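One-letter residues, chain by chain:
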Amino acid sequence: MNPLAPINRLAAVFSKLPGVGKRSGLRMALRVARDPGGLVPDLVAALREVQEQVGACSRCGYLTVRDQDPCALCEDPGRDDTLLCVVEDPQDIILIEESGSFRGRYHALLGKLSPRKGEGLAKPRLEALFRRVGEGKVREVILALNTDVESDATAAYIHERLTESGVRVTRLAFGIPAGSAIAYSDSVTLARALQGRQVV
Ligand SMILES: [Zn+2]
């Protein structure tokens, strides 16, 4: 068997990860192949643990361990039920939590609407959002979305659907349109964007 074939297959798997191109994928695969000891078992064990133990919270979409659903953030009695922060990606929740500037609840859309394709991947999570708001506790929906065309379409759709509800809809105020605004913001910028949020 050509030894490059399994390495290329592993490299192709690594290349599917965010931020890993073809060349880095190959370097990672070669590093695994030259394992001086310990790396491969650690990698296998860590992958298995993530696969078996980590899942998504059925309520907010954030990461949780399999036997805790809803997650710790949803169950925390010290958080404000009247504020609901809507993000595109669970990763954004980590960043907002790190900024320490928000004590409400979260709802991850796990995607966004695509104006070109009509409907995007976020539709079931959007319906879950409207059901949560319909439960009556939420007074303000804070849209912590990015600043591209699809995020704007998602924000407009949420605003339209919530107009009748009487719930205040606000959006984070970023100075400069930056695309992936949340992921590229530091804690201070995020805290400012939260404080300066504007009514949609
Ligand atoms: Zn949750």
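Residues numbered from 1 in each chain as written. Predicted model: local features only at pLDDT ≥ 70, side-chain atom pairs only at ≥ 80, totals over all residues. Heavy atoms only, no water.

### Structural notes on the pattern of salt bridges
Here is step 1 of the chain: According to the stated counting rule, one finds 11 salt bridges in the structure shown.
Here is step 2 of the chain: Between Asp76 and Arg103 there is a salt bridge, with the nearest N and O atoms lying 3.7 Å from each other. Within this pair, whereas Asp76 is found in the loop between helix H4 (72-75) and strand E3 (80-87), its partner Arg103 is found in the loop between helix H5 (90-99) and strand E4 (104-108), the two being separated by 27 residues in sequence.
Here is step 3 of the chain: Note on Asp76: relative accessible area 23%, which makes it partly exposed.
Here is step 4 of the chain: Exposure remark for Arg103: the relative accessible area of 46% places this residue in the partly exposed category.
Here is step 5 of the chain: With a closest N to O distance of 2.9 Å, Lys112 and Asp148 form a salt bridge. Of the two residues, Lys112 sits in the loop between E4 and helix H6 (123-134) while Asp148 sits in the loop between strand E5 (140-144) and helix H7 (149-162), which places them 36 residues apart along the sequence. (Salt bridge = Lys/Arg side-chain N within 4 Å of Asp/Glu carboxyl O. Helix = DSSP H or I, 4+ residues; strand = E, 2+ residues; numbered from the N terminus. Buried < 20%, exposed > 50% of the residue type's maximum accessible area, 1.4 Å probe, protein only.)

### Overview of the pairing of E3
Remark: a regular strand shows side chains that alternate across the two faces of the sheet.
Here is step 1 of the chain: Across 5 bridges, E3 lies against E4 in parallel orientation. Its bridge partner lying in E4, Asp80 is registered against Gly104.
Here is step 2 of the chain: With H5 bridging E3 and its parallel neighbour E4, the resulting β-α-β unit is right-handed.
Here is step 3 of the chain: Bridge count between E3 and E5: 5 bridges; the pairing is parallel. (Pairing = 2+ DSSP bridges. Right-handed = clockwise from strand over helix to strand, strands pointing away.)

### A look at the layout of surface pockets
Here is step 1 of the chain: Looking at the largest pocket, its volume works out to about 180 Å³.
Here is step 2 of the chain: Forming the walls of the largest pocket are Arg59, Pro70, Cys74, Glu75, Asp81, Leu84, Arg105, Arg132, Glu135, Lys137 and Val138.
Here is step 3 of the chain: Counting only elements with at least two residues in the lining of the largest pocket, the list comes to H4 and E3.
Here is step 4 of the chain: Class assignment of the residues belonging to the lining of the largest pocket gives a composition of 4 nonpolar, no polar and 7 charged. (1 Å grid on protein atoms, 1.4 Å probe; cavity = no way out; pocket = protein on both sides within 12 Å on 5 of 7 lines; lining within 4 Å. Points joined across faces, edges and corners; volume = space filled by probe spheres on them. Nonpolar A, V, L, I, M, F, W, Y, C, P; charged D, E, K, R; others polar.)

Nothing here speaks to function; it is all geometry.
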